Amino acid sequence: MAVLDILIYPDPRLKQTSSSVSNFDAPLRDFIADLEETMLAHPGCVGLAAPQAGRFERIVVLDVSGKPQVPNNGRLTLINPEIVHADGSAVGREGCLSVPDYTGNVARAEKIALKAFDSHGRERLYRMEGFEARAALHELDHLDGLLFLDRLVSRRNALFRRKNQGRSSAAKTGPS
Ligand code: NI
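About the cut-offs
Residues numbered from 1 in each chain as written. Predicted model: local features only at pLDDT ≥ 70, side-chain atom pairs only at ≥ 80, totals over all residues. Heavy atoms only, no water. Helix = DSSP H or I, 4+ residues; strand = E, 2+ residues; numbered from the N terminus. Rg over C-alpha atoms; globule rule 2.2 N^0.38 Å. Buried < 20%, exposed > 50% of the residue type's maximum accessible area, 1.4 Å probe, protein only. Areas by Shrake-Rupley, 256 points an atom, 1.4 Å probe, with all protein chains shown as cover. Lys, Arg positive; Asp, Glu negative; His and termini not counted. Charge placed at Lys NZ, Arg CZ, Asp CG, Glu CD. Salt bridge = Lys/Arg side-chain N within 4 Å of Asp/Glu carboxyl O. Polar contact = N/O pair within 3.5 Å; in protein donor to acceptor, adjacent residues only side chain to side chain. Contact = heavy atoms within 4.5 Å. Expected span 1.5 Å × (residues − 1). Pairing = 2+ DSSP bridges. Axes fitted to C-alpha atoms, helices over the stretch in contact; angles between N-to-C directions. pLDDT = per-residue confidence, 0-100. Disulfide = S-S within 2.5 Å.

Visitor: Looking at this structure, I do not really get the overall build of the protein chain. What am I missing?
Guide: The helix and strand tally for the protein chain stands at 3 helices and 8 strands. The order of helices and strands in the protein chain, counted from the N terminus, is α-β-β-β-β-β-β-β-α-β-α. For 176 residues, the compact-globule formula gives about 16 Å, and the C-alpha radius of gyration of the protein chain, at 15 Å, lands near that figure. With the C-alpha coordinates of the protein chain rotated into their principal frame, the extents come out at 45 × 35 × 30 Å. Going through the 176 residues of the protein chain one by one, you find that 47% of them count as buried. In the form shown here, the protein chain has an accessible surface area of approximately 8,900 Å², with 47% of it arising from carbon and sulfur atoms. Across the protein chain, the 23 positively charged side chains and the 22 negatively charged ones have centroids separated by 7 Å.

Visitor: Whenever I open this one, the side chain of aspartate 34 confuses me. Can you help?
Guide: By the element assignment, aspartate 34 lies in helix 1 (residues 26–41). Buried and without a salt bridge, aspartate 34 has arginine 55 as its closest oppositely charged side chain, separated by 7.7 Å. At a separation of 2.7 Å, a polar atom in the side chain of aspartate 34 contacts the main-chain amide nitrogen of alanine 2. The residues touching aspartate 34, leaving out its near neighbours within four places in the chain, are Met1, Ala2 and Leu4.

Visitor: Can you walk me through helix 1 in this structure?
Guide: Given 3.6 residues per turn, any residue in an α-helix points the same way as the ones three and four places further on. Over its 16 residues, helix 1 extends 23 Å from the first C-alpha to the last, a length consistent with the 22 Å expected when each residue adds 1.5 Å. Along helix 1, the residues that are buried comprise Leu28, Phe31, Ile32, Asp34, Leu35, Glu36, Thr38 and Met39. Along its buried surface, helix 1 packs onto strand 1 (47–49), strand 2 (59–62) and strand 3 (76–87). Its side-chain oxygen placed 3.1 Å from the backbone nitrogen of leucine 28, aspartate 25 serves as the N-cap of helix 1.

Visitor: How do you make sense of the pattern of salt bridges when you look at a structure like this?
Guide: Close approach of charged atoms allows side chains with opposite charge to pair. Applying the stated criterion across every chain yields a total of 12 salt bridges. Here glutamate 36 ties to arginine 75 by a salt bridge, and the two come within 4.0 Å at their closest N and O atoms. Of the two residues, glutamate 36 sits in helix 1 while arginine 75 sits in the loop between strand 2 and strand 3, which places them 39 residues apart along the sequence. If you follow the salt bridges from partner to partner, you end up with Glu94, Arg108, Arg134, Asp141 and Arg151 in one network.

Visitor: Explain the sheet that holds strand 4 (residues 90–96) to me, please; I cannot follow it from the model alone.
Guide: The strands that make up a sheet pair up through hydrogen bonds in the backbone, lying either parallel or antiparallel. Here 3 strands make up an open sheet; going across it, the order is 4-5-8 and the pairing antiparallel. At either margin of the open sheet sits one strand with a lone partner, and together these are strand 4 and strand 8 (159–161). The average angle at which neighbouring strand axes cross in this sheet is 25°, direction not considered. Bridge analysis of strand 4 against strand 5 (residues 99–108) gives 6 bridges, and the strand direction is antiparallel. In the strand pairing of strand 5, alanine 90 is matched with arginine 108. Contacting strand 4 and strand 5, helix 2 (residues 130–143) crosses the sheet at an angle of about 55° to strand 4.

Visitor: Would you mind showing me how to read the confidence of the model for the protein chain here?
Guide: Keep in mind that low pLDDT regions are not for reading the predicted coordinates in detail. Put simply, the protein chain has an average pLDDT of 94, and 94% of its residues get 70 or more. For the stretch residues 167–171, pLDDT sits under 50, and the model shows 10 contacts to residues farther than four places along the chain or on other chains.

Visitor: What is the right way to read the state of the cysteines from this model?
Guide: Two cysteines joined by a covalent bond between their sulfur atoms form a disulfide. Applying the stated criterion across every chain, the model contains 0 disulfides. Free of any disulfide, cysteine 45 has its nearest cysteine sulfur in cysteine 96, 8.6 Å distant. Accessibility expressed as a relative area gives 10% for cysteine 45, which makes it buried.

Printed below as a string of structure tokens:
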């Protein structure tokens, strides 16, 4: 297992659209283990998408279970994920490992139903709400080359420079 290097904005590769996974094999699971290890190596990180690690396939790891009182589905691997239902809209602050110096306000659906394959190729359906739904939608955007910077609710007052770099600020907003 290994902690992977993360592409940092404005690396143009972050704008790439990732391709679907078709082989659910051992090398895929090895990569997912590395992606999880990379997520865990960054305190406060609640999700990571494969393209952030330079692998342009539709793979996301997600785990908001460390946040107190946030409804969640535990630690998830979402492969070829698809939103099948979305409800409501709420504005919330987002951070991203690929955008280390800023956070920003983004509108996301409040409740979603999401279909995805697990690492063994089994199809699953998840219902998510609130922070977990926001984190999932943020990660799915990475698969289409979108960052939270592309979705700010306002050009003038929705972007915030992190006051202090490092662990404490990262933990507060949950870079993903
Ligand atoms: Ni991100």
